[in-house]
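A closer look at the structure
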Amino acid sequence: ETGVTQTPRHLVMGMTNKKSLKCEQHLGHNAMYWYKQSAKKPLELMFVYNFKEQTENNSVPSRFSPECPNSSHLFLHLHTLQPEDSALYLCASSQRMTVPNTEAFFGQGTRLTVV
Amino acid sequence: AQTVTQSQPEMSVQEAETVTLSCTYDTSENNYYLFWYKQPPSRQMILVIRQEAYKQQNATENRFSVNFQKAAKSFSLKISDSQLGDTAMYFCAFHRATGNQFYFGTGTSLTVIP
């Protein structure tokens, strides 16, 4: 266990559905991330939150909507997704990089299938 | 922009043998951090080893060691005495000294053969 928990582990949704992915960390970290992991591609950074403020949005389509109500929780709201959005969605957290020996801690991911 | 390249999509090694996974990166930064992460079939990504760019000494963690060549922008991972539990995807990652973005390679799938 890395201290980062994602729910659900698996999700199948239709293109007209609305669903949310949840991430929770109990590590006292102040940065949280959403990554998309597709086969044979680098992990794609989607969003970064630092002290609850969004600091990165890597040209992610608006059908993905993040929410960070506090430093321990991160959500990814999904609506009108496309089949190519099927992937493993990973949440991670970290301290600020200026803190010695910091690293990213990952959740187990949500396997999303869009049908 | 930073890029991380892992040129070996798949590798295999006999149990108890040594294997080296390669990683190169491209950056104009002078101060940064490099990581190797392991993602077993259970999917949870965990840190294997880290290296600070300002340190010349190669990092070592038990059976895992790196060969960090800053001028060549190379960061390979050596696994000694390979064990069945080492079977996983291995990702090389780069992080600037400032900011909050990790840049990952495409990964190397390592299989340890009994």
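Predicted, not measured: the structure shown is a model, and the values here were computed from it.

When helices and strands are tallied, chain A shows 0 helices and 11 strands. When the helices and strands of chain A are placed in sequence order, the string is β-β-β-β-β-β-β-β-β-β-β. The C-alpha atoms of chain A give 14 Å as radius of gyration, which agrees with the globular expectation for 115 residues (13 Å, within 12%). Across its three principal axes, chain A shows a C-alpha extent of roughly 45 × 25 × 25 Å. Relative to its full complement of 115 residues, chain A shows a buried share of 48%. Per element, the accessible surface of chain A, about 5400 Å² overall, is 50% carbon and sulfur. If you average the places of the 11 positive and of the 9 negative side-chain charges in chain A, the two averages end up 5 Å apart.

Our focus in this paragraph is the interface of chain B and chain A. Listed per partner, the contact involves 23 residues of chain B and 34 residues of chain A. Counting each side, the surface lost to burial between chain B and chain A is near 2200 Å², with a carbon and sulfur contribution of 49%. Of all residues in chain B, the largest losses of buried area upon contact with chain A belong to Arg 43, Gln 44 and Asn 100 of chain B, amounting jointly to 34% of the total for that side. At the junction of chain B and chain A, the tally comes to 1 salt bridge. Arg 50 of chain B serves as the salt-bridge partner of Glu 103 of chain A, at 2.8 Å between the closest nitrogen and oxygen. Counting every contact that joins chain B to chain A gives 5 residue pairs in polar contact (both at pLDDT 80 or more). Elements that contribute at least two residues to the side of chain B that touches chain A include exactly strand S5 (32-39), strand S6 (46-52), strand S10 (88-96) and strand S11 (102-104) of chain B.

Let us now look at the nonpolar core. Residues Tyr 25, Trp 36, Phe 75, Leu 77 and Tyr 90 of chain B are the most contacted members of the largest nonpolar core, which totals 26 residues. For Tyr 90 of chain B, the contacting residues outside a window of four places in its chain are Gln 6, Leu 21, Trp 36, Tyr 37, Lys 38, Val 48, Phe 64, Leu 77, Ile 79, Gly 107, Thr 108 and Leu 110 of chain B. Of all hydrophobic cores here, the second largest spans 22 residues; its members include Val 4, Leu 11, Leu 21 and Tyr 49 of chain A.

Let us look at unusual backbone geometry. A cis amide bond links Thr 7 of chain A with the next residue in sequence, Pro 8 of chain A, at an omega value of -10°. Here Pro 8 of chain A is to be found in the loop between strand S1 (4-7) and strand S2 (10-13). The phi angle at Ala 16 of chain B is positive, at roughly 80°, despite the residue not being glycine. In this fold, Ala 16 of chain B is placed in the loop between strand S2 (10-14) and strand S3 (19-21). Note on Ala 16 of chain B: relative accessible area 46%, which makes it partly exposed. Phi angles above zero are rare outside glycine, and Lys 73 of chain B is one such case at about 55°. Structurally, Lys 73 of chain B can be placed in the loop between strand S8 (64-69) and strand S9 (74-79).

Taken as a whole and judged by the stated rule, the model has 7 salt bridges over all chains. The salt bridge involving Glu 44 of chain A is made with Lys 41 of chain A; its shortest N-O contact spans 3.5 Å.

Our focus in this paragraph is the confidence of the model for chain A. In this model, chain A carries an average pLDDT of 89, and 95% of its residues clear a pLDDT of 70 or more. Element-level pLDDT for chain A is lowest in strand S6 (residues 53-57) of chain A, with a mean of 77, against a maximum mean of 97 in strand S3 (residues 18-25) of chain A.

All names here are of chain A. Of the two faces of S2, only one is covered, namely that formed by Leu 11 and Met 13; the face formed by His 10 and Val 12 stays uncovered. In this structure, S2 lies alongside strand S11 (residues 110-114), joined through 4 bridges in parallel fashion. Looking across to S11, one finds that Val 12 is bridged to Thr 113.

Once that is clear, we can look at the packing of aromatic side chains. Scanning the model with the defined rule gives 17 aromatic pairs over all chains in all. Arranged with centres 6.1 Å apart and planes meeting at 25°, the rings of Tyr 33 of chain A and Tyr 35 of chain A form a pair that is stacked. Tyr 33 of chain A sits in the buried class, given a relative accessible area of 0%. Site record: aromatic cluster; members linked through ring pairs are Tyr 33, Tyr 35 and Phe 106 of chain A together with Phe 35, Tyr 37, Phe 102 and Phe 104 of chain B.

Rules behind the numbers
- Residues numbered from 1 in each chain as written.
- Chains lettered and ligands numbered in written order.
- Predicted model: local features only at pLDDT ≥ 70, side-chain atom pairs only at ≥ 80, totals over all residues.
- Heavy atoms only, no water.
- Helix = DSSP H or I, 4+ residues; strand = E, 2+ residues; numbered from the N terminus.
- Rg over C-alpha atoms; globule rule 2.2 N^0.38 Å.
- Buried < 20%, exposed > 50% of the residue type's maximum accessible area, 1.4 Å probe, protein only.
- Areas by Shrake-Rupley, 256 points an atom, 1.4 Å probe, with all protein chains shown as cover.
- Lys, Arg positive; Asp, Glu negative; His and termini not counted.
- Charge placed at Lys NZ, Arg CZ, Asp CG, Glu CD.
- Contact = heavy atoms within 4.5 Å.
- Buried area = accessible area lost by both parts, 1.4 Å probe.
- Salt bridge = Lys/Arg side-chain N within 4 Å of Asp/Glu carboxyl O.
- Polar contact = N/O pair within 3.5 Å; in protein donor to acceptor, adjacent residues only side chain to side chain.
- Core = buried A, V, L, I, M, F, W, Y, C linked by side-chain atoms within 4.5 Å.
- pLDDT = per-residue confidence, 0-100.
- Pairing = 2+ DSSP bridges.
- Phe/Tyr/Trp six-rings, centres within 6.5 Å; stacked < 30°, edge-to-face > 60°.

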